[in-house]
Amino acid sequence: MGPHPAVAAIRLAVRHVLHDILNDHRTTSETPVLSEQAPHRRPSSPLVLVACSGGADSMALASALAFEAPKLGIRAGGITVDHGLQPGSDLRADEVALRLRELGLDPVDSVAVTVGREGGPEAAARDARYAALDGAAVRHGAAAILLGHTRDDQAETVLLGLARGSGIRSLSGMAAVSGADGRYRRPFLQLDRQTARKACMVQSLPVWDDPHNADPAYTRSRLRHEGLPALEKALGKGVVEALARTAQLSRDDADALDAWAGQAEASVRDATGLLECAKLYALPPAVRRRVLRRAAIEAGAPAGSLFARHIEEVDRLITGWRGQGAINLPGKVVAQRQGGRLVIRQG
């Protein structure tokens, strides 16, 4: 008799991702790496870490990684991050680390971080968490880190992007592969949250429900417990699946437009590298705004703080020129029109 369908589903999803990681690793391992002593090849057995909070999604992911990795000759480890936002969070992190070791994962790290305030509590916690995960990947030489985001998380991300009015890239949600050199992998984007929870239950895996996930003070929590249920009541079941499908379609479109913008950018710059307004005006709006966004980020504007409204203001220097002054952008970047050229620089 095979495993429970929920367990089989999560293991299959992880197996597919591990095969991809293994293929990528084999390709890169053919390239010699220079060290201080002598050239050598990368280790034949890659290390994959799982980011685990102790919740159902990440515990299901950790158990699937522990089961599938040895069969493919992949080393498997884990990391849990203590955000320090709740009393006893350090003890909770130690418990999660112990559970990961009991699954057979090695190495296992428990990392404490300090959460700032920039961008709001949710964004600040996310930034601190990813900084810790990046540090662990570098420290252990990990080929990839698995994240437990589910189809439900994807649907919430799409709705949050829609509410911000940030354009098609925000509607594309989370990528299955992201980060430096494809470091982050999300095997569960096609699986719902209940599948992960069921997999934990039938395997008797203890899980921790973060009270922040039910706290109405957090936007995502309100969306999860009030917004999505209201949409399903009004529109019927299938909203989550439809939003996840929208994310994939939007990502395909956004990737194509990004590639077009990358090719078009060189053609709208003059010999000194400045953007020519007349040539920008001739581009389709979706392509032009991508060129403007890329230019603003290259000038020092933080990508996470650069919203659609900022780019629309800069775009009006091209399409609605009435002699208006400079536009202030995040990161102390200034955009202004001078002599038929668009100048974007640190102010």
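Presented here is a report on the structure given in the accompanying data block. (Residues numbered from 1 in each chain as written. Predicted model: local features only at pLDDT ≥ 70, side-chain atom pairs only at ≥ 80, totals over all residues. Heavy atoms only, no water.)

1. Details of the side chain of R224
The following threshold applies: Where helices and strands are cited, they refer to DSSP runs of H or I of at least four residues and of E of at least two residues respectively, numbered from the N terminus. Only protein chains enter the area calculation, which uses a 1.4 Å probe; residues under 20% of their type maximum are buried, those over 50% are exposed, and those in between are partly exposed. Contact definition: two residues touch when any of their heavy atoms are within 4.5 Å.
The residue R224 is located in helix α8 (residues 219-235) in this model. Under the relative-accessibility criterion, R224 is labelled buried at 18%. Setting aside residues up to four positions removed in sequence, R224 forms contacts with D153, E156, R193, N213 and P229.

2. So, the packing of helix α11 (residues 285-298) against helix α12 (residues 308-319)
Heads up, the condition is: Fitted lines through C-alpha atoms give the axes, limited to the stretch in contact for helices. The angle between two N-to-C directions lies from 0 to 180 degrees. Just so you know how the angles are binned, under 35 degrees is roughly parallel, over 145 roughly antiparallel, 65 to 115 roughly perpendicular, and the rest oblique. By definition, any crossing whose near helix is turned counterclockwise from its far helix by less than a right angle is left-handed, and any crossing with a clockwise turn is right-handed.
At their nearest, the axes of α11 and α12 sit 10 Å apart, and the two run at 115° to each other. Between α11 and α12, the interaxial angle falls into the category roughly perpendicular. The handedness of the crossing between α11 and α12 comes out as right-handed. Here R288, R289, L292 and R293 of α11 come into contact with α12, specifically with I311, V314, D315, I318 and T319.

3. With respect to the packing of helix α2 (residues 56-68) against helix α7 (residues 193-202)
Across the interface, α2 lies against α7 with an axial gap of 8 Å and an inter-helix angle of 60°. Taken together, the axes of α2 and α7 are oblique relative to one another. Here the hand of the crossing between α2 and α7 comes out left-handed. Taking contact as the criterion, the partners of A56, D57, M59 and A60 in α2 are, on α7, R193, A196, R197, A199 and C200.

4. Here's the deal with the packing of aromatic side chains
Put simply, the rule reads: Pairing of aromatic rings covers Phe, Tyr and Trp, the last through its six-membered ring, and needs centres within 6.5 Å; plane angles under 30 degrees mean stacked, over 60 mean edge-to-face, and all others mean tilted.
Overall, the coordinates contain one aromatic pair when judged by the stated rule. Ring geometry for Y130 and Y184: centres 5.1 Å apart, planes at 90°, overall edge-to-face. Residue Y130 is located in helix α4 (residues 121-140), and its partner Y184 is located in strand β6 (residues 184-185); the two are separated by 54 residues in the primary sequence. You can call Y184 buried: its relative accessible area is 4%.

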